[in-house]
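Structural description and commentary
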Amino acid sequence: MVEWIPLLMFAAVCVVLLLGYPVAFSLAGTAMLFAGVGIIAGWFDPSYLSALPTRLFGTINNVTLMAVPLFILMGVLLERSRIAEELLDTMSRLLGRLPGGLGVSVILVGALLAASTGIVGATVVTMGLLSLPTMLKRGYQPSVATGTICATGTLGQIIPPSIALVLLGDTLSTAYQQAQLQMQVQNPETVSVGDLFMGALVPGVLLVVMYLLYTVLLAWRKPESMPALVETEEVAIGSLLKSLLPPVLLIVTVLGSILIGAATPTEAAAVGALGAALLAKAKGQLSWRRLRECGESTLEVTSMVFMILIGAAVFSLVFRGYGGDDLIQSLFANMGGGVGMAVLVVMVAIFLLGFILDFIEITFVVVPIVGPILLAMGVDPIWLGIMIAINLQTSFLTPPFGFALFYLRGVAPESVRTRDIYRGVAPFIVLQLLMLGILALWPDLATALPGWVRSLR
Amino acid sequence: MRIITALSARLDAYSESTGRLLAWLLPLLMLNTCAVVFMRYGLEQGSTFMQELSLYLHATVFMLGAAYTLKRDGHVRVDILYRQFSPRAQAWVNALGTLIFLFPLCGYIILISWDFVSYAWLIRESSGEPGGIPAVFLLKTLIPLMAVNLALQGLAEFLRSLATLLGYQAEVAVGVAADNDGQEGAL
C-alpha cells in the first residue's frame, strides 16, 4: 500500500490546488502533511527532508535562473512604455487595408513581443487588452478575433527568449545530468538554455508561419470574417521604420547574442532590459515613478515564479522520499511499448495537467520526475523540451479548461460569448496538433540547428 | 476586532514597504549585470565581486519579495473554482490554507535551516572564489528570513480572512478600497 502513496499525494495535490489557495504553498504544504503523517506512521524517512536547505541554497546560487527577473523586467518595460502598442498600431495601419491584415499584425507583434514575458496569463491579457477592442470595432468576427489572440498569446512561451524556455532549459539540464549519471555515461553531455532557445527557433517560426497561412487563407475564403480597413491612410515608411526597427533590433540582438554563443541568457537578458529601458527613455516614457512600478511588477512575478520552484522542490523531495521515482520508473518499465509509448503517455499526462497547472509548475514538478527516466531511455533532451512546450501551449488553448481561454474571458467584453472563444481557438488547436505530429516525425526540426551551431563553435 | 484589523494593517504596511525597497534592486541588478558584461567583452576583465553582487541582488529580490507578492495576491492560484466562490468561501480557503499549508511550511523551513545557517554564521562563511563577496552566511540567512517574512504576511492574510468569516466585511471592504486607491494612485 505504502508504495502507492506518491500517486495518492499527486492526486491529493490536484484536488487541493482546485480549491484555489496559492499553488506554491499548496504544493509544499500538502507534501509536508504527507511527510508528517509518514514520519509518525514510520513510512517516511525524515532524513529526505534534511536536503531542503541545500536545495534552497542551490536555487539561490543558480546563475542561469538570474535571467528570469531580467527577461521579465525587459518585457514589463516594453509593455509599460507602450512600445508594443505603438508597434501594433503601425503594423495594422500598414497591413490593415488587406483583408485579414489586422489579424496578421496581431500574430506578428504577439510572436515578437510576447516572447519576452512568456507567462501565459500576462501575455494573453496584454494582447487581449491591446488588440481585441480594435479587432471587434473593425468588424472582425468575435470567434476569429479571440481565437487569434489566444493562440498568439500562448505562442510567446515557445518563441525564444521566453522565460518558460529558460526554466525548462534549466530543469532539463539537471534531468539530463541525472539520466547520464544513471546510465554511467563516460563523457556526459550537457544541454543549456541556449540549446533550447535554438531548438525552439525553427518549430516556433514554423508555428507562426502556419498561423499566418491560416489567417490569410481565412481572409481569402471568408473576407467578411476579417474585413479590411475601409478608410485608407497612408503610412509614411519613415514612421513605420521608427516604431518597428528599435524593438525588433532589440529582440534580434538579445536572441542573436545567445544563439551565436556570445552571451549567456543572463547577460543577454540584462543588456536587453537596459536596451528596453533606453528605448522607453528615448520615447519619453520612462520616469522614476514608472521605473519603480516596473520594478514592483517584476518583483511580484519573479517571487511568484521562485516560490513555485521552492514549493515544487519540497514536493519532489517528499515524492522521492516515498519512492515516487521508483514507482514511476517501474510503471514505465511494465507498460511495454518502449520509448515511443513512454513519450506518448508523458505527453498525454502533461496535456491533462496543463488544465490545472501553468507552465512553471509543470516544469518544476513534472519534468524533474519524468525527465530523467525518458532521457535515460535515449530521448533527445532538446526535442523533449520543445515537445513539452508545444504540448503545453496546446493544452492552454483547449476548452473548456485551457488557461488562455480563462484569461481572455476575463478581459473580453460581455458581447463576446464564451462559445465564440471556444470556436475561435479550434482551428489553432488543429494547427498545434499538426505541429506536434510534424515534430514527432521529424525531430531534426528541433535538434538540427543546435547541433549545427555546436559543431561550429 | 479593531486590534485584529490594526495588526493586519501594520503587517501589510511592513510587507508593502519591503516590496517598494526591493523593487529598486531590480534596476540595480540590470545595471550591475550589464557592467559585468561590458567589462568582460569591452575591457576583457572579469570581476568576481560584481558577478556575485548580481547573484546577491537576485537572491534578495526573490526570497524577500515573496511576502510582498503574497500581500499583492500575486502568487498564482488555480482559480477555476476559486473565482466563483463567495467572499466568505474565499476567506475560508485563505484562512485554512494559511493555517494548514503556509504556517507549517514557514515553521519547518526555519527549523530545518537553523543548523545550516548558524553554522555558516559561526565560520563567517565566505565566498568559495577568490575576490568574491565574503558574506555567504548572509546569503544563507535569506532562507529563514524569507520564511519569517512570509509567516508575518501570512498572519495578516489569516487575520483578514478571519475578520471576513466573523462578519466584519464592512471594515475589511473599507480596507480593500483604501488599498485599491493606493494602487491606483501609484499607477
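Sequence order as written defines residue numbering, which begins from 1 separately in each chain. In the order they appear in the text, chains get letters beginning with A and ligands get numbers beginning with 1. In view of the model being predicted, local features appear only for residues whose pLDDT reaches at least 70, and side-chain atom pairs are presented and counted only at 80 or more, with totals across whole chains, interfaces and linings using the full set of residues. Only hydrogens and water are removed before side-chain values are computed, so all heavy atoms of the structure are retained for them.

**Considerations on the overall build of chain A**
Each helix is a run of DSSP H or I of at least 4 residues and each strand a run of E of at least 2, with the numbering of both proceeding from the N terminus. Of regular secondary structure, chain A possesses 21 helices and 0 strands. Atoms considered for the radius of gyration are the C-alpha atoms alone. The globule rule reads 2.2 Å times the number of residues to the power 0.38. Computed over the C-alpha atoms, the radius of gyration of chain A is 22 Å, within 12% of the 23 Å expected from 2.2 N^0.38 for a compact globule of 457 residues. Referenced to the eigenvectors of the C-alpha coordinate spread, the extents of chain A come out at roughly 75 × 45 × 45 Å. Sorting the 457 residues of chain A into buried and exposed places 59% on the buried side. The contact rule is simple, with two residues in contact once any of their heavy atoms fall within 4.5 Å. Taking contacts inside chain A between residues at least 6 apart in sequence as the whole, the part at least 24 apart equals 83%. As presented, chain A carries roughly 17,200 Å² of accessible surface, and 68% of it is formed by carbon and sulfur atoms. When accessible area is computed with a 1.4 Å probe and restricted to protein chains, residues below 20% of their type maximum are described as buried, those above 50% as exposed, and intermediate ones as partly exposed. What sets the accessible areas is the Shrake-Rupley method with a 1.4 Å probe; for residues, cover comes only from the shown protein chains.

**Topic: the overall build of chain B**
Summing up its helical and strand segments, chain B has 7 helices and 0 strands in all. Reading chain B from its N end, one meets helices and strands in the order α-α-α-α-α-α-α. Here chain B holds 187 residues, and the buried ones make up 49% of them. Here the contacts in chain B between residues at least 6 apart in sequence split such that 72% fall between residues at least 24 apart. Of the roughly 9,200 Å² of accessible surface on chain B, a fraction of 67% belongs to carbon and sulfur atoms.

**Some points on the interface of chain A and chain B**
Listed per partner, the contact involves 64 residues of chain A and 62 residues of chain B. Note on chain A versus chain B: buried area summed over both sides is about 5,600 Å², and carbon and sulfur give 77% of it. Among the residues chain A hides against chain B, the three largest losses belong to Tyr21, Ile60 and Leu299 of chain A. Together they make up 13% of the total. Measuring nitrogen to oxygen at the nearest pair gives 2.9 Å for the salt bridge that ties Glu267 of chain A to Arg40 of chain B. Pairs of N or O atoms within 3.5 Å make up the polar contacts considered here, provided that, within protein, one atom can donate a hydrogen while the other can accept it, and that residues adjacent in sequence are counted only when both atoms are side-chain atoms. Across the chain A-chain B interface, the total number found is 7 residue pairs in polar contact (both at pLDDT 80 or more). Contributing elements (two or more residues each) for the side of chain A that touches chain B: helix H1 (5-18), helix H2 (23-41), helix H3 (52-60), helix H4 (67-80), helix H12 (265-282) and helix H13 (288-321) of chain A. Examining the composition of the side of chain A that touches chain B, we find that 18 residues originate from one element, H13 of chain A, more than from any other. Buried area: the accessible area, evaluated with a 1.4 Å probe, that two parts lose upon being put together, summed over both parts. The salt bridge criterion pairs a side-chain nitrogen of Lys or Arg with a carboxyl oxygen of Asp or Glu, the two atoms within 4 Å.

**With respect to helix H6 (residues 136-165) of chain B**
Residues and elements named next belong to chain B. A helix is expected to reach a length of 1.5 Å times the quantity of its residues less one. With 30 residues, H6 should cover 44 Å at 1.5 Å per step; its first-to-last C-alpha distance of 44 Å lies within 8% of that length. At Ile143, H6 shows its largest kink, close to 30°, and the proline Pro144 lies no more than four residues downstream. Immediately downstream of H6, the backbone of Gly167 shows phi near 90°, a positive value. Bend, in this description, refers to the angle at a residue between axes fitted to the seven residues ending there and the seven starting there.

**Brief notes about the packing of helix H8 (residues 142-155) of chain A against helix H18 (residues 381-397) of chain A**
Residue and element names in this part refer to chain A. It is the contact of H8 with H18, at a shortest axis distance of 10 Å, that shows an interaxial angle of 150°. Relative to H18, the element H8 is oriented roughly antiparallel. Crossing angle aside, the handedness with which H8 passes H18 is right-handed. Residue-level contacts link Cys150, Ala151, Thr154 and Leu155 of H8 to Gln393, Phe396 and Leu397 of H18. Considering only residue class, the contact of H8 with H18 consists of 5 nonpolar, 2 polar and no charged. In this description, a line fitted to the C-alpha atoms serves as the axis of each element, helices being fitted only across the stretch in contact, and the angle between N-to-C directions of two axes falls anywhere from 0 to 180 degrees. Oblique is the label for any angle not under 35 degrees, not over 145, and not in the 65 to 115 range, which are roughly parallel, roughly antiparallel and roughly perpendicular in turn. By the definition used in this description, the sense in which the near helix is turned from the far one sets the handedness, with an anticlockwise turn below a right angle giving left-handed and a clockwise turn giving right-handed. Polar here means any residue other than Ala, Val, Leu, Ile, Met, Phe, Trp, Tyr, Cys and Pro, which are nonpolar, and Asp, Glu, Lys and Arg, which are charged; Gly is therefore polar.

**Description of the side chain of Ser26 of chain A**
Take Ser26 of chain A: it is sitting in helix H2. Accessibility expressed as a relative area gives 0% for Ser26 of chain A, which makes it buried. Within the local environment of Ser26 of chain A, its side chain forms a polar contact with the backbone oxygen of Pro22 of chain A, the two atoms lying 3.0 Å apart. When sequence neighbours within four positions are dropped, the list of residues in contact with Ser26 of chain A reads Val13, Val16, Leu17 and Tyr21 of chain A together with Phe101 of chain B.

**Notes on the environment of Ala6 of chain B**
Residue and element names in this part refer to chain B. Within the fold, Ala6 resides in helix H1 (residues 2-23). For Ala6, a relative accessible area of 45% puts it in the partly exposed group. Between the alpha carbons of Ala6 and Ser47 there is a distance of 47 Å; along the sequence they are 41 residues apart.

**A few points about a nonpolar patch on the surface**
Residue and element names in this part refer to chain A. Distance thresholds for patches are 9 Å for like charges and 5 Å for nonpolar side chains (Val, Leu, Ile, Met, Phe, Trp, Tyr), applied to residues having over 30% relative accessible area and no salt bridge. A grouping of Met335, Met341, Leu344, Val345, Val348 and Leu352 is seen on the molecular surface, where their side chains present a nonpolar patch of about 490 Å² in accessible area. Secondary-structure assignment places Met341 in helix H15 (residues 338-353). You can call Met341 partly exposed: its relative accessible area is 36%.

**Section: unusual backbone geometry**
A positive phi angle, near 55°, is found at Gln184 of chain A, a position not held by glycine. Of note, Arg124 of chain B is a non-glycine position whose phi angle comes to about 45°, a positive value. Relative to the elements of secondary structure, Arg124 of chain B occurs in the loop between helix H5 (87-122) and H6.

**Re the pattern of salt bridges**
Tallying each qualifying case throughout the model produces 16 salt bridges over all chains. Here Glu157 of chain B makes a salt bridge to Arg160 of chain B, at a shortest N to O gap of 3.1 Å. With Glu157 of chain B and Arg160 of chain B both in helix H6, this residue pair falls 3 residues apart, about one helical turn. Beyond isolated ion pairs, a larger network of salt bridges with shared partners links Arg292 and Glu296 of chain A together with Glu16, Arg20, Lys71 and Arg72 of chain B.

**With respect to the environment of Leu374 of chain A**
All names here are of chain A. Checked against the element boundaries, Leu374 lands in helix H17 (residues 367-376). Taking the C-alpha atoms as reference points, Leu374 and Ala24, 350 residues apart in sequence, are found 26 Å from one another. What Leu374 contacts, discounting residues up to four positions off in sequence, is Ala342, Val343, Val346, Val379 and Leu384.

**As for the environment of Met226 of chain A**
All names here are of chain A. As for its position among the elements, Met226 is in the loop between helix H10 (193-221) and helix H11 (237-259). Of the residues examined, Met226 reaches a relative accessible area of 1% and is grouped as buried. Met226 sits 97 residues away from Gly323 along the chain, and the two C-alpha atoms are 55 Å apart. Setting aside anything within four residues of it in sequence, one finds Met226 in contact with Pro99, Gly100, Tyr140, Val144, Thr215, Leu218 and Ala219.

**As for the packing of H8 of chain A against helix H19 (residues 403-411) of chain A**
Residues and elements named next belong to chain A. Where H8 meets H19, the closest approach of the two axes is 10 Å, and the angle between their N-to-C directions is 125°. As summarised for this structure, H8 and H19 are arranged oblique, according to the angle between their axes. The interaxial crossing formed by H8 with H19 has right-handed handedness. On the side of H8, the interface is formed by Thr146, Ile149, Cys150 and Thr154, while H19 contributes Ala404, Leu405 and Leu408.

**Details of the packing of aromatic side chains**
The pairing test for Phe, Tyr and Trp rings, Trp by its six-membered ring, is centres within 6.5 Å, and the orientation test on the planes gives stacked under 30 degrees, edge-to-face over 60, and tilted for anything in between. If you walk through the whole model with that rule in mind, you get 15 aromatic pairs over all chains. Ring centres 6.1 Å apart and planes at 45° place the aromatic pair Phe44 of chain A and Tyr48 of chain A in the tilted group. Joined through ring pairs, the aromatic side chains of Phe10, Phe315 and Phe319 of chain A make up one cluster. Positioned above the aromatic ring of Phe137 of chain B, the side-chain terminus of Arg124 of chain B is 5.5 Å from the ring centre. In our convention, an over-ring charge means Lys NZ or Arg CZ found within 6 Å of a ring centre and within 35 degrees of that ring's normal. The residue whose ring lies beneath Lys140 of chain B is Phe57 of chain A, and the NZ or CZ to ring-centre distance is 5.0 Å.

**Section: the confidence of the model for chain B**
Residue and element names in this part refer to chain B. pLDDT expresses, on a scale from 0 to 100, how confident the predictor is about each individual residue. Per-residue confidence for chain B gives a mean pLDDT of 85, with 90% of residues at or over 70. Confidence drops under a pLDDT of 50 for residues 170-187, and excluding neighbours within four residues, the segment shows 13 contacts in the predicted structure. Interface confidence in the predicted complex, given as ipTM, is 0.88; pTM for the same model is 0.86.

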